[in-house]
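# Remarks on the overall topology
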There are 2 protein chains.
Amino acid sequence: MRDFATMSPAAVRSMIRQGKWAKPTAGMANGFTQANLAILKKELAFEFLLFCQRNPKPCPVLDVTEPGSPIPRLVAPGADLRTDIPKYRIYRHGELAEEVTDIVKYWEEDMVAFLLGCSFTFEYPLMNNGIPIRHIEENCNVAMYKTQIPCIKAGRFEGPLVVSMRPISEKDVIRAVQVTSRFPSVHGAPVHIGNPESIGIKNIHQPDFGDSVTIKDGEIPVFWACGVTPQAVAMQVKPEIMITHAPGHMFVTDVRDEQFGVL
Amino acid sequence: MRDFATMSPAAVRSMIRQGKWAKPTAGMANGFTQANLAILKKELAFEFLLFCQRNPKPCPVLDVTEPGSPIPRLVAPGADLRTDIPKYRIYRHGELAEEVTDIVKYWEEDMVAFLLGCSFTFEYPLMNNGIPIRHIEENCNVAMYKTQIPCIKAGRFEGPLVVSMRPISEKDVIRAVQVTSRFPSVHGAPVHIGNPESIGIKNIHQPDFGDSVTIKDGEIPVFWACGVTPQAVAMQVKPEIMITHAPGHMFVTDVRDEQFGVL
């Protein structure tokens, strides 16, 4: 069996492109940044880019393709976003229509692909700092919640901030803020520490997306802006067509996580 | 005489709007971020925003208005970009056509205004760290140079990186990197330290823009990405109309410099 963790990003993408891998990408090409995908028609692209620019914590833009080009020149010039992700979701008018393993036949000449940072990138540095990540320990999805914090509107794009929550031991909270602050391109510092109700979360044990995780005595819930936000906001605009990665089936870039550290 | 340094940003803008101030804004409303202005038609706005997203060091976006709106909602919701800058330049097909003190009659319903970070914001923290700024000591403009470093192309926008140079004493160079790294929204860390020829600058005493400054023994030239870059690049596209601030006549935002610190 191949050791997926030590494969190069190009080798991972080639395996996916050849149809030999259609599963989640966690743990593959370790140390290289994985990204969320959102594809929209050019007609909506300016507003969406503006939304991302105004809301950089939930929508950290890593790359945007030229209209009609499926090549992410900044983060993986040798890749093709139509084939190099294991699983895609096609949404029509805001409703999930299909799940497919490539989007060659859906690609149109006026499409623009957005690659957005994902929290995988800051979870490694947290663990490297001795801060355990509960949903990894419990082998489930991160817990995600809709908040009452509004995003800043851009054109037709508006809606609440979605956050992910990681329980952090009191002694580690300050270090967790420091470590994730280094990575503004992948959500950066937390948006809230402590009382879930302050940001409109009624029941911490009932996440809106993902799985509920154990919060132990002496731990504080710490909330980070989440990449589900731009997808949720875009769905509400009910675009004629929107294509995303399937959850967990990310795009593996050629950029090392550390290269996104601002210091 | 009013003490301009301690005036609020709103008071400075109001004075400008009333036609009572048409001079440079350096030293006004100290501690509040001043910004570069670039106004383009919507038809070019997506490509220009993409160019900024791909080249964040020379083009750090602080705010982008909705098409047709002159209100910078993020950084100064009470301001009007048509009247609140002391002096504007109107460029037609890439050529300077006029210099005016308001742009009310030039504003069109399909215009988009970009506010970009400026190096004023990181010069204060440098001085606060005991690092003198030569062009301020010599009461002249910062020295700026075209380099051989290409920006990353976006649509029709392409061209070389323009840098500003500050001579820094050897003992202060590391601290200067640290201090400016905290402020990625206003050009951030330097792009080059030392030998000017490595980045294509033939004669350090002949800047392409601004003024030549003294480099003393024991000082090293340190180069930062410069906000002249996006203007120079945009001119080459020869847009039908483009409006910018006049050099030194900046937009004063409501945001404190420290709020742009990432840590």
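Residues numbered from 1 in each chain as written. Chains lettered and ligands numbered in written order. Predicted model: local features only at pLDDT ≥ 70, side-chain atom pairs only at ≥ 80, totals over all residues. Heavy atoms only, no water.

A few words on the nonpolar core. Residues Phe114 and Phe157 of chain B are the most contacted members of the largest nonpolar core, which totals 70 residues. Contact partners of Phe157 of chain B, with chain neighbours within four places excluded, come to Leu40, Leu44, Glu47, Phe48, Phe51, Val233, Ala234 and Val237 of chain B. (Core = buried A, V, L, I, M, F, W, Y, C linked by side-chain atoms within 4.5 Å. Buried < 20%, exposed > 50% of the residue type's maximum accessible area, 1.4 Å probe, protein only. Contact = heavy atoms within 4.5 Å.)

All names here are of chain A. The domain architecture assigned to chain A consists of domain 1 (4-118 + 237-256) and domain 2 (120-230). Centre-to-centre separation of domain 1 and domain 2, based on C-alpha positions: 22 Å. Counting from both sides, the interface comprises 25 residues of domain 1 and, opposite them, 24 residues of domain 2. Sorting the residues of domain 1 by area buried against domain 2 places Phe51, Lys57 and Cys118 first, and these three jointly supply 30% of that buried surface. Where domain 1 meets domain 2, there are two salt bridges. Among the salt bridges present, the one from Arg156 reaches Glu43, with a minimum N-O distance of 3.0 Å. Linking domain 1 to domain 2 there are eleven residue pairs in polar contact (both at pLDDT 80 or more). For the side of domain 1 that touches domain 2, the secondary-structure elements that each account for two or more residues are strand 1 (32-41), helix 2 (42-54) and strand 5 (111-117). (Domains from an automatic or database assignment. Buried area = accessible area lost by both parts, 1.4 Å probe. Salt bridge = Lys/Arg side-chain N within 4 Å of Asp/Glu carboxyl O. Polar contact = N/O pair within 3.5 Å; in protein donor to acceptor, adjacent residues only side chain to side chain. Helix = DSSP H or I, 4+ residues; strand = E, 2+ residues; numbered from the N terminus.)

Glancing now at the relation of the copies chain A and chain B. Take chain A, turn it by 180°, move it 0.0 Å along the axis, and it overlays chain B with an RMSD of 0.0 Å. Expressed as a symmetry operation, the mapping of one chain copy onto the other fits a two-fold axis. Relative to the rotation axis, the closest C-alpha in chain A is found at Phe46 of chain A, a distance of 2.6 Å. Looking at the interface residues of chain A, 100% of them are also at the interface in chain B, so both copies use one shared face. (Least-squares fit on C-alpha atoms with pLDDT ≥ 70 in both.)

For the rest of this paragraph, the subject is the sheet that holds strand 9 (residues 219-225) of chain B. As summarised here, the arrangement of the four strands in space is 6-7-9-8 (chain B), forming an open sheet in which the pairing is antiparallel. Of all the strands in the sheet, just strand 6 (143-150) and strand 8 (192-193) of chain B have a single pairing partner and so form its edges. (Pairing = 2+ DSSP bridges.)

Attention shifts here to helix 6 (residues 228-236) of chain A. Quick reminder: α-helices carry 3.6 residues per turn. Residues three or four places apart thus point the same way. Residue and element names in this part refer to chain A. Along helix 6, the residues classified as buried are Thr229, Pro230, Gln231, Val233, Ala234 and Met235. The secondary structure elements touched by the buried residues of helix 6 are strand 1, helix 2, strand 3 (88-92), strand 5, strand 7 (160-169) and strand 10 (242-245). Backbone geometry just downstream of helix 6 places Lys238 in the positive-phi region, at approximately 50°.

What characterises a pair of aromatic rings is the spacing of the ring centres plus the angle enclosed by the ring planes. Residues and elements named next belong to chain B. Per the stated rule, a full pass over the model turns up twelve aromatic pairs over all chains. Relative to Phe114, the ring of Phe48 lies with its centre 4.8 Å away and its plane at 85°, an arrangement referred to as edge-to-face. Here the residue Phe48 occupies a position in helix 2 (residues 42-54), and Phe114 occupies one in strand 5 (residues 111-117), the gap between them amounting to 66 residues. Neither Phe48 nor Phe114 differs from the other in exposure class; each is buried. A centroid spacing of 6.3 Å and a plane angle of 45° characterise the contact between Phe51 and Phe157, whose relative ring orientation is tilted. Note that Phe51 is positioned in helix 2 and Phe157 in the loop between strand 6 and strand 7 (160-169), a separation of 106 residues in sequence. (Phe/Tyr/Trp six-rings, centres within 6.5 Å; stacked < 30°, edge-to-face > 60°.)

The full count for this structure, using the stated rule, is 28 salt bridges over all chains. In this structure, Arg134 of chain A engages Glu219 of chain A in a salt bridge whose closest nitrogen and oxygen atoms are separated by 2.6 Å. Remark: Glu219 of chain A occurs in strand 9 (residues 219-225) and Arg134 of chain A occurs in helix 4 (residues 134-137); sequence separation between them is 85 residues. In terms of burial, Arg134 of chain A and Glu219 of chain A fall into one category: buried. One salt bridge connects Lys41 of chain B with Glu108 of chain B, and the closest N-O pair in it is separated by 2.6 Å. Here Glu108 of chain B lies in the loop between strand 4 (95-100) and strand 5 and Lys41 of chain B lies in strand 1 (residues 32-41), a separation of 67 residues in the sequence. Judged by its relative accessible area of 31%, Glu108 of chain B is partly exposed. Through salt bridges that share partners, Lys41, Glu108 and Asp110 of chain A make up one connected network.

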